[in-house]
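# Commentary on secondary and tertiary structure
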Amino acid sequence: MRITCPICGERDRREFHYQGAAVALDRPAPDAGAESWDDYLHNRENPAGPTRELWHHEAGCGAWLVVTRDTVTHEMQGSELASALQEADS
Amino acid sequence: MRFSGLRVLKEGLTGNKGWRPHWRDPEPKPAYDMIIIGGGGHGLATAYYLAREHGLTNIAVLEKGYIGGGNVGRNTTIVRANYFLPGNSEFYSHSLKLWEGLEQELNYNVMHSQRGLINLFHSDGQRDAFARRGNAMINQGDDAELLDRDGVRRHLPYLDFDNARFPVYGGLYHPRGGTARHDAVAWGYARGADERGVDLIQNCEVTGINIEAGSVTGVQTSRGAINARKVGVVVAGRSGQVAEMAGLRLPIESHVLQAFVTEGLKPCIDHVVSFGMGHFYISQSDKGGLVFGGDLDFYASYAQRGNMPMLEHVMEAGMTLMPMIGKARVLRSWGGIMDMTPDGSPIIDKAPVEGLYLNCGWCYGGFKAVPGSGYSFAHLMATDRPHEPAAKFRLDRFRTGRALMDEEGTGSQHNLH
Ligand SMILES: Cc1cc2nc3c(=O)[nH]c(=O)nc-3n(C[C@H](O)[C@H](O)[C@H](O)COP(=O)(O)OP(=O)(O)OC[C@H]3O[C@@H](n4cnc5c(N)ncnc54)[C@H](O)[C@@H]3O)c2cc1C
Ligand SMILES: [Zn+2]
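This one's a predicted model, so the numbers in the text were calculated from it and none came from an experiment.

Rules used in this analysis
Residues numbered from 1 in each chain as written. Chains lettered and ligands numbered in written order. Predicted model: local features only at pLDDT ≥ 70, side-chain atom pairs only at ≥ 80, totals over all residues. Heavy atoms only, no water. Near = heavy atom within 4 Å. Polar contact = N/O pair within 3.5 Å; in protein donor to acceptor, adjacent residues only side chain to side chain. Helix = DSSP H or I, 4+ residues; strand = E, 2+ residues; numbered from the N terminus. Nonpolar A, V, L, I, M, F, W, Y, C, P; charged D, E, K, R; others polar. Domains from an automatic or database assignment. Donors = N, O, S within 2.8 Å, 3.2 Å for Na, K, Ca; no water. Tetrahedral: all angles 85-135°; square planar, octahedral: opposite > 155°, others 65-115°. Buried < 20%, exposed > 50% of the residue type's maximum accessible area, 1.4 Å probe, protein only. Contact = heavy atoms within 4.5 Å. Buried area = accessible area lost by both parts, 1.4 Å probe. Salt bridge = Lys/Arg side-chain N within 4 Å of Asp/Glu carboxyl O. Core = buried A, V, L, I, M, F, W, Y, C linked by side-chain atoms within 4.5 Å. Axes fitted to C-alpha atoms, helices over the stretch in contact; angles between N-to-C directions. Left-handed = near helix turned anticlockwise from the far one by under 90°. Pairing = 2+ DSSP bridges. 1 Å grid on protein atoms, 1.4 Å probe; cavity = no way out; pocket = protein on both sides within 12 Å on 5 of 7 lines; lining within 4 Å. Points joined across faces, edges and corners; volume = space filled by probe spheres on them.

Let us look at the site of ligand 1. Residues and elements named next belong to chain B. Around ligand 1, the structure places 37 residues, and the nearest of them are Glu63, Asn71, Val72, Thr76 and Lys368. Within the backbone of Gly41, a nitrogen or oxygen atom sits 2.9 Å from an oxygen atom of ligand 1. By residue number, the principal contributor to the shell around ligand 1 is strand 13 (residues 253-264), which donates three residues. A per-class count over the shell around ligand 1 returns 18 nonpolar, 13 polar and six charged. Looking at which domains feed residues into the shell around ligand 1, each of domain 1 (5-78 + 182-251 + 343-416) and domain 2 (113-177 + 253-340) gives three or more.

As C-alpha cells, this is what we get:
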C-alpha cells in the first residue's frame, strides 16, 4: 500500500501512522452532551468500500492527511491535507 | 450418525460407504422462533446451546457463504484462559472448561490439544507484569506457572536465549492452553445443532432487518423474507454492516489480521509460543505446518488479505526468536476481518431494538471463545437475562466508561488494540 502525500508525493505506507475514520474533523462542541461524545469517540460507520480516514505522515513531513481509500480493495482514491480541509470549513 | 472406534474400523473394512453428510441442506421456512445471522463458530455454537440447554429447536442459522468459510476457518486456533481483567477472566475460564469436555459433548474429534502455552518475557518489567497476570489466572482457578530462563530452556531449547537485543528472561507457562482443529469445531457444532432440529441455511445472505414499532419481526435475505421475533447478529467482521440494517452504529472498526503457514515438517515445536518483544506467535499443526502470526495490519479493511509491512515484521520477529525456522518455506498467507472494539474486548448484549441481540467485537481472540460465547449468548436469547460469566460484555460500557476491559492497558480508543 502506498499513500500520496500532497507535500511529499507517493510514499510507502510504513511512513504513515493510521489514526482511523476521519471523524476528528467533526469534533463535537465541549457541551454537546454525553451522547454526541460517545458517538464521536466510539461508534463508527465502518464501511466496506470507499472511506475517509486520517493518516499522519509521521516519518515524512509530519502533515495530517485525509485519505480516501477503498477498504475492500485497498485502492487509494485521493488524499488532501487535513489542515486545508479545515480552513475551507471555517 | 455417531463416531466411535468400532465405527471407524467397520467403515474402514467396508470401503467407507456408510458415512453420511453431517447436516441437512434444508429450504428456509417462512418463519422461525429465532434466527441466528452468521454460521461461524459463534453462531453455530449459539444454535447448538439453544437446542441443547434450552430445548429451543425451531431455529435457523443463516449463512451468506458456507459453514466454516469465515474467521472460524481462518484463525490460528489458539485456545487459552490467560486473561487478566474481571469480565474476561471468568468468561474465558468458563469457555476453556467447555473446551475440555467438547469432544465427548459433540461426539466429534475437534483435535483439542492442551500442549501448553508459553508467553515469553524479555525484561524485568515484563516479568513483573506476567507474574501479576499469572496470579490473576490462579485466582480465577486456572493454571499458570512463572518459568525462569532454565525453566523455559527445558521446554523450548531451540530459542535464541542470548539474543543481543532481546534475551529471553523467562516465560509464563499455561499448561492447559493449546490448539484445536478450527474447521472441526464449526462442523461439530453444526452437526450437533442440525441433529437437534436447527435448520442450517447456507448461501443465504441477510440483506435487511424488519422492525415494526421498535420490535424485530424478521429479516430479508437473498432467499426471501423470513420471520422471527428474536434475531441474533453473530457476523464477526461484518457486524457494522448488519447492525446498520437495524439503524445502529456500533463501537466497531473492522481490521485485517494475517496468518502464515509453512510446508509440513517433522514435529519440532511442541507448544504454543509467543515472543514478548515483537508480534510473533507460533504453533505446529498436526499436519506439520508451522502456523504463525503477529498483529493487525492497523488500518480498516474488509479485503481478507494484508500487506507487506506486517508480513516482514512477523518474519523478522520469528527469526529473532527462533532462527531454526529460517529454512522452512512459507506455503500460504491469508487474512481475516476482525471486529475490533475500542477496548479490545467483546460485546454480548441486547441491542437497543426489541428482539435484536448482538454478539460481536471478538477482535483477534474469538476462536477460544466459541463454546463460552455460544453458551452465554444462547442463555441471553432464551431467557432475556445475561449469563453470569458474560454479564460484563455490555454494549453501554463505552458510553458509561464503567468496567472497560482493556487487557493491554493502552486506552479505550479505536486503533489501539
Ligand atoms: C488470522 C487470524 C488468526 C486468529 N487467531 C486466533 C487464535 O489463535 N485464537 C483465537 O481465539 N482467535 C483467533 N482469531 C479470531 C477468531 O477467528 C474470530 O474472533 C472468530 O472466529 C470470530 O467468530 P466466528 O467464528 O463466529 O466468525 P466467522 O467464522 O467469521 O463467522 C461469521 C459469519 O457470518 C457470516 N455473515 C456475515 N454477514 C452476513 C450476512 N449479511 N448474512 C448472513 N451471514 C453473514 C459470514 O459469512 C461468516 O461465516 C483469529 C482470526 C484471524 C483472522
Ligand atoms: Zn508528507
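All names here are of chain A. Only Cys5 (SG), Cys8 (SG), His57 (ND1) and Cys61 (SG) from the protein reach the zinc ion (ligand 2) as donors, at distances of 2.1 to 2.4 Å. With four donor atoms in place around the zinc ion (ligand 2) and angles of 103 to 120 degrees between them, the coordination shape is tetrahedral. Here the donor residues of the zinc ion (ligand 2) share one chain and are spaced in sequence as C-x2-C-x48-H-x3-C. Given the relative accessible area of 0%, His57 is considered buried.

It is worth spelling out the domain arrangement of chain B at this point. Residues and elements named next belong to chain B. The assigned domain composition of chain B is domain 1 (5-78 + 182-251 + 343-416) and domain 2 (113-177 + 253-340). Relative to domain 2, the C-alpha centre of domain 1 lies at a distance of 28 Å. Residue-level contacts link 18 residues of domain 1 with 23 residues of domain 2. For the domain 1 and domain 2 pair, buried surface summed over both sides reaches about 1800 Å², with 53% attributable to carbon and sulfur atoms. By the criterion of area lost to domain 2, the three top residues of domain 1 are Arg74, Thr76 and Tyr364, representing 33% of everything that side buries. Linking domain 1 with domain 2 are one salt bridge. A salt bridge links Arg133 to Glu407, with the shortest nitrogen-to-oxygen separation between them at 3.1 Å. Our enumeration of links across domain 1 and domain 2 arrives at ten residue pairs in polar contact (both at pLDDT 80 or more).

A word on the nonpolar core. Residue and element names in this part refer to chain B. Membership of the largest hydrophobic core comes to 49 residues, with the highest contact counts inside it found for Trp99 and Tyr189. Among the secondary structure elements, those contributing two or more residues to this core are strand 1 (34-37), helix 2 (41-54), strand 2 (59-62), helix 3 (88-100), helix 4 (102-106), helix 7 (182-195) and helix 10 (370-383). Considering every element that reaches this core, the biggest residue donor is helix 2, with seven residues. Residue contacts for Trp99: discarding those within four places in its chain leaves Val79, Val110, His112, Ala180, Val185, Phe367, Lys368 and Pro371. Counting 30 residues, the second-largest nonpolar core is a separate cluster that includes Val233, Val235, Ala246 and Phe398.

Helix-helix packing: each pair is described by the crossing angle between the helix axes and the interaxial distance. All names here are of chain B. Viewed as axis vectors pointing N to C, helix 2 and helix 7 meet at an angle of 35 degrees, and their least axial separation amounts to 8 Å. Helix 2 and helix 7 meet at a crossing whose hand is left-handed. Of helix 7, the residues touching helix 2 (which contributes Leu44, Ala45, Ala47, Tyr48 and Tyr49) are Ala186, Tyr189, Ala190, Gly192 and Ala193. For the contact of helix 2 with helix 7, the residue count by class is nine nonpolar, one polar and no charged.

This paragraph deals with the pairing of strand 6 (residues 170-174) of chain B. Residues and elements named next belong to chain B. Burial analysis of strand 6 places five of its five residues in the buried class, the great majority of the element. Here strand 6 shows two buried faces, one formed by Gly170, Leu172 and His174 and the other by Gly171 and Tyr173. Summarising the sheet, strand 4 (residues 117-121) and strand 6 pair through five bridges and their orientation is antiparallel. For Phe121, the partnering residue across the bridge sits in strand 6 and is Gly170. Sheet topology places strand 5 (residues 145-148) next to strand 6; four bridges connect them, and they run antiparallel. Bridge pairing in strand 6 places Leu147 opposite Gly171.

All names here are of chain B. Roughly 600 Å³ of internal volume is contained in the second largest pocket. Together, 26 residues line the second largest pocket, and Arg181, His182, Ser285, Lys287 and Val291 are the ones closest to its centre. Elements with a minimum of two residues in the lining of the second largest pocket: helix 7, strand 13, strand 15 (281-284), strand 16 (289-300) and strand 17 (330-340). By residue number, the principal contributor to the lining of the second largest pocket is strand 13, which donates four residues. Two domains each put at least three residues into the lining of the second largest pocket: domain 1 (5-78 + 182-251 + 343-416) and domain 2 (113-177 + 253-340).

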